[in-house]
Amino acid sequence: MLRPILAAFFALTVAASAWMPSGAWAQSAAQSPYAKATRRDPIFLRFPEMAQRFWVDTETMTASHKAVAVPMPKQCAFVYADSYTRGQMSEREVQDTAVSNCNRHLAQLGPLGENYSVNCACQVVISDEKYVVAPQAMPDQAYGPVSIFYRDASGNVARLNGVAHYGALIGRDRSVTFSVENVRSEPACEGTFTNETPNSGRFSLSCFDGRFGGNGSYESKVGAPNDHIIARGSTRNGQPVVMVIGLPAQLAMNTYGGI
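About the cut-offs
Residues numbered from 1 in each chain as written. Predicted model: local features only at pLDDT ≥ 70, side-chain atom pairs only at ≥ 80, totals over all residues. Heavy atoms only, no water. Core = buried A, V, L, I, M, F, W, Y, C linked by side-chain atoms within 4.5 Å. Buried < 20%, exposed > 50% of the residue type's maximum accessible area, 1.4 Å probe, protein only. Helix = DSSP H or I, 4+ residues; strand = E, 2+ residues; numbered from the N terminus. Pairing = 2+ DSSP bridges. Axes fitted to C-alpha atoms, helices over the stretch in contact; angles between N-to-C directions. Contact = heavy atoms within 4.5 Å.

(A) Main features of the nonpolar core. F78, L106, Y116 and V244 are the most contacted members of the largest nonpolar core, which totals 28 residues. Of all the elements in the fold, those that place two or more residues in this core are β1 (66-72), α5 (91-108), β3 (121-127), β12 (240-245) and α6 (249-256). The element best represented in this core is α5, accounting for 4 residues. Of all hydrophobic cores here, the second largest spans 24 residues; its members include I148, F178, V180 and V241.

Written out as structure tokens, the structure reads:
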């Protein structure tokens, strides 16, 4: 999953008017005024395993109904669920299954409030190869919760939580830039991933207008509890720094917080 994409953040007012809150029924593909999905759309580049099922694997690609759900608004879309017809399932039942699975996955990862100031709730965005939300509301790059653990000037462990976003494919593009905003949606950091293998490489990071920075190595982790990037290195004064993209703050802390 996080071999995916990297670049810049948030258009909340547009997104807020264009996505439906949890519990609102997604319209059918036949009723949607929006365009058909294509395999090269950002959401499929972001989640290549889903793209494989949706466009390639015969059993799922030819399903009479299929749906994709992600947490919305778009900066929350770091997990997904896709669902396909089994037996005589209707389009609505397939949509319900996708939303239920998406919300279950999101809940299993723990609270999001330390990373997001908005409420993240799963919603169907594609039904039967048709977008059912406005194009400007769709994720146009990769987003994910981020936690950065480091030692401050006094040697105390400090932590920055927020959201990272990036617009190129990690592991496919040689160099990928990313940005971090804190939980109040304020710019905090910028950085670069430079891949050496498809799943690992080097990173550099500069935060708070250059007052804090570091570099080191990163690795893309695929699978439970969620696809994510773990980056470890040192600050300019030799103190350790750890950055986790793709796990909510509490889960990141429990998994990688010791420095």
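So much for the structure itself; the text now carries on.
(B) Summary view of the environment of R211. Following the sequence through the fold, R211 ends up in the loop between β9 (200-207) and β10 (212-221). Distance in space between the C-alpha atoms of R211 and R236 is 10.0 Å, their sequence separation being 25 residues.

(C) Up close: the pairing of strand β8 (residues 187-197). As paired strands, strand β7 (residues 175-182) and β8 are joined by 7 bridges and run antiparallel to one another. Across the sheet, residue F178 finds its bridge partner in β8, namely G191. Where β7 folds back on β8, the antiparallel hairpin that results is connected by 4 residues, among which S185 adopts a positive phi of roughly 70 degrees. In the sheet, β8 pairs with β9 via 8 bridges, with the strands oriented antiparallel. Along β9, the bridge assignment pairs T192 with S204. The antiparallel pairing of β8 with β9 creates a hairpin that spans 2 residues between the two strands.

(D) Structural detail: the environment of S220. Inspection of the secondary structure assignment puts S220 in strand β10. For the pair S220 and N199, spaced 21 residues apart in sequence, the C-alpha separation works out to 5.1 Å.

(E) Broad picture of unusual backbone geometry. The peptide bond linking M72 to P73 adopts the cis configuration, its omega dihedral lying at 5 degrees. With a phi close to 55 degrees, F208 is a non-glycine residue in the positive phi region. Position of F208 among the secondary structure elements: in the loop between β9 and β10. A positive phi angle, close to 55 degrees, is found at D209, a residue other than glycine. One can find D209 in the loop between β9 and β10. On the accessibility criterion, D209 (79% relative accessible area) is exposed.

(F) Seen up close, the sheet that holds β8. Within the closed barrel, the 8 strands sit side by side as β5-β6-β7-β8-β9-β10-β11-β12. Their pairing is antiparallel. Put simply, the sheet's adjacent strands are angled 30 degrees from each other on average, direction ignored. Sheet topology note: the strand β5 (residues 142-151)/β12 ladder contains 5 bridges and is antiparallel. Bridge pairing in β12 links F149 to V242. Most of the contacts of α6 go to β5, to which it runs at about 50 degrees, and overall it touches β5, β6 (157-166), β10, β11 (228-235) and β12.

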